[in-house]
Amino acid sequence: MKPYNEQIRYFLQLLFILTGILISSFSSCKKVDSRETIIERKIDSLLSLMTLEEKIGQMTQVRHFKDISNDDDVANKFIGSVIHTQGPLPSENKAAEWQARFRKLQEQALSTRLGIPLLFGVDAVHGQNTYNGATIFPHNIGMGAANNPELVRKAAEITAIEMLATGFNWTFSPCVAIPYNEKWGRVYEAFSESTEITTKLTKAAVEGLQKNMEHPYSVIATAKHFVGDGATEEGSEGGNTTLSMEEISKRLLPPYKEAVKSGVGSVMVSFNSVSEISMHAHKELITDTLKLGMGFNGIVVSDWKGFSRFGGVNIINAGVDMVMAVDGDLDFFQDSLKKSVLNNWVSIERIDDAVRRILRQKYLLGVFENPFPDSLTIPQIGCVEHRNIARQAVRESMVLLKNHNNILPLSERAKKIIVVGEHAENAGFQSGGWTVTWRGVDGNYIGATTILDGIKKMFKGEVVYDKKAENPVKDADVAIIVVGESPYVEFFGDIGDGTGDYTLTLKEEHQKYIETYTELGIKTIVVLISGRPLVTTRQIQQSDAFIAAWLPGSEGDGIAEVLFGKYDFKGKLPHSWPANVSQYDGKYGPNYWDKSLKPLFEIGYGLNYEF
Ligand code: BGC
């Protein structure tokens, strides 16, 4: 028999061992690795197997019909992503053909040693707008006027479904710019000049597109263009912004912070410079502020040809992870990056970080498990349910700026209505740039209804169309005059010194339409189709009612539903509305916050019917 002390020691040891076993078995039972942890482990193991060429390949995005000489290049050059923008379609206008095209490319990617799937990117900026027949929503400026996060979320969900149905899983939207100068040709791609509105709607858009990334209808969203795109001097695309870092942080960064909080998968860097430093090479903003400061762990993607345009490997060192190696950049990008790594100009840690971010999004989205498009989604493209939401967005985006003697809503008792202006019967014009083609279309497209269609649907009396106000109808009860800008995209829409195609005022021809009818003494309702506020002080005075309808997209009949009072106006100005052209010089840039400038209407203005 052991002595008493020894017995106690023995007992205590036993207790200690048993407790240890219990704790360890308890904790190993409880320790279920999170999806994120498992994904990081998978990335570690994949990274450890990858050659430098395979890593650089992952960092490469190309156009499938131009930058690669044949499909084998996807495998031979270990391409990480394919973008479709401008240029030939994957065969006729059939979603099944698009899916088949991307399936073929995906098979190439999967045939490689490590079988890493591709991401398919597209600029679905107001619906899956590259597909003729998709549901096209109002451009973001209209969504900013509606200022309804739930609606933005639904529109984003629909965009995701229609993207997936055409074979894409990564969109370069939302544009979260805050335009401080309406001379910029991309004002309409952004929600508002208000940081607050933009931040709120950014969250809704990212959540609607991505959901939790595991949903069958999740796609990767992109907050763009980081940062200062809308705040360049004179509003020139890719220009320079002189805003201080404090102002950038206070006014331009909040939507990015919100996007990161919502888990946005990618951020696109901008063409512009900040205090003369190109944003693509701006390490302080990309790496220190966005990645380290905000904790962004997704992909920083370059903009078009960003590598050759903005300093080659400097952009990788600044923090760009994936490069749009398009229009002749592919070999140059891959060769220079390889050489730079071999010469230690770019560290392998930076490359691994970039590839880790790309693989992370691929795992999160589940493309390793489900690399191919789902053909069962195809019937959802442009379906009635989607169009109903887009029509609601059209109605909610319209802003009523004047309603003299309550001429609106239009009475069903009227006998004859005259509709004027080429914008009334042109779905392309009412949709702006990024519609069916990059620069938009002049004419109708599949599934769209025009404003004239909508008026004819709603009004039981006679509707006469006088396209160019050449045959004025003197006995009409009222003239609905639909005028505005014709489609433009990116720098094409910059106004600059005002000598180009676009101006801050209505075209003279369009001013005449309004004059012709007001001089006849006919009541006029002006519907302005534009991607930004225009100086229309005189036309607002001349007309009886004036509506800013922005760029409503494919559901033109939403306009008539409000004009005839089936629904009330809800939209409020997402930008202040300049009173005269000279205000553009003083309102923005260094004087932007000069409160002595009095716009014609303040941001937030908008009347309604008060039923
Ligand atoms: C635009 C981006 C767009 C990209 C890809 C660029 O020219 O600035 O907004 O996402 O092209 O099409």
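Residues numbered from 1 in each chain as written. Predicted model: local features only at pLDDT ≥ 70, side-chain atom pairs only at ≥ 80, totals over all residues. Heavy atoms only, no water.

Q: Just checking my understanding: could you explain the site of the ligand for this structure?
A: The environment of the ligand is formed by 13 residues, the closest being Asp-123, Arg-186, Lys-224, His-225 and Asp-303. At 2.8 Å, a side-chain N or O of Arg-186 approaches an oxygen atom of the ligand. Interatomic distance of 2.9 Å between a side-chain N/O atom of Glu-490 and an oxygen atom of the ligand. Compared with its free state, where it exposes 310 Å², the ligand has 96% of that area covered by protein. For the shell around the ligand, the per-class residue count stands at 6 nonpolar, 2 polar and 5 charged. (Near = heavy atom within 4 Å. Polar contact = N/O pair within 3.5 Å; in protein donor to acceptor, adjacent residues only side chain to side chain. Areas by Shrake-Rupley, 256 points an atom, 1.4 Å probe, with all protein chains shown as cover. Nonpolar A, V, L, I, M, F, W, Y, C, P; charged D, E, K, R; others polar.)

Q: Is there a simple way to think about the domain arrangement of the chain in this case?
A: By a widely used convention, the size of an interface equals the accessible area lost when the partners come together. Segmenting the chain into domains produces domain 1 (52-380) and domain 2 (398-593). With centres defined by C-alpha atoms, the gap from domain 1 to domain 2 works out at 33 Å. Tallying the contact residues gives 42 residues for domain 1 and 39 residues for domain 2. Carbon and sulfur atoms make up 55% of the surface buried where domain 1 meets domain 2, a total of about 3,300 Å² over both sides. By the criterion of area lost to domain 2, the three top residues of domain 1 are Glu-182, Lys-183 and Tyr-188, representing 21% of everything that side buries. At the junction of domain 1 with domain 2, the criterion picks out 1 salt bridge. (Domains from an automatic or database assignment. Contact = heavy atoms within 4.5 Å. Buried area = accessible area lost by both parts, 1.4 Å probe. Salt bridge = Lys/Arg side-chain N within 4 Å of Asp/Glu carboxyl O.)

Q: So what exactly am I meant to see when it comes to the side chain of Thr-222 here?
A: Within the fold, Thr-222 resides in strand S5 (residues 222-226). A residue is classified by how much of its surface remains accessible, and Thr-222, at 0% relative accessible area, is buried. There is a polar contact of 2.7 Å between the side chain of Thr-222 and the side chain of Ser-266. Look past the residues within four positions of Thr-222 in its chain and what remains in contact with it is Trp-170, Thr-171, Phe-172, Ser-173, Pro-174, Val-264, Ser-266, Val-267, Met-268 and Val-301. (Helix = DSSP H or I, 4+ residues; strand = E, 2+ residues; numbered from the N terminus. Buried < 20%, exposed > 50% of the residue type's maximum accessible area, 1.4 Å probe, protein only.)

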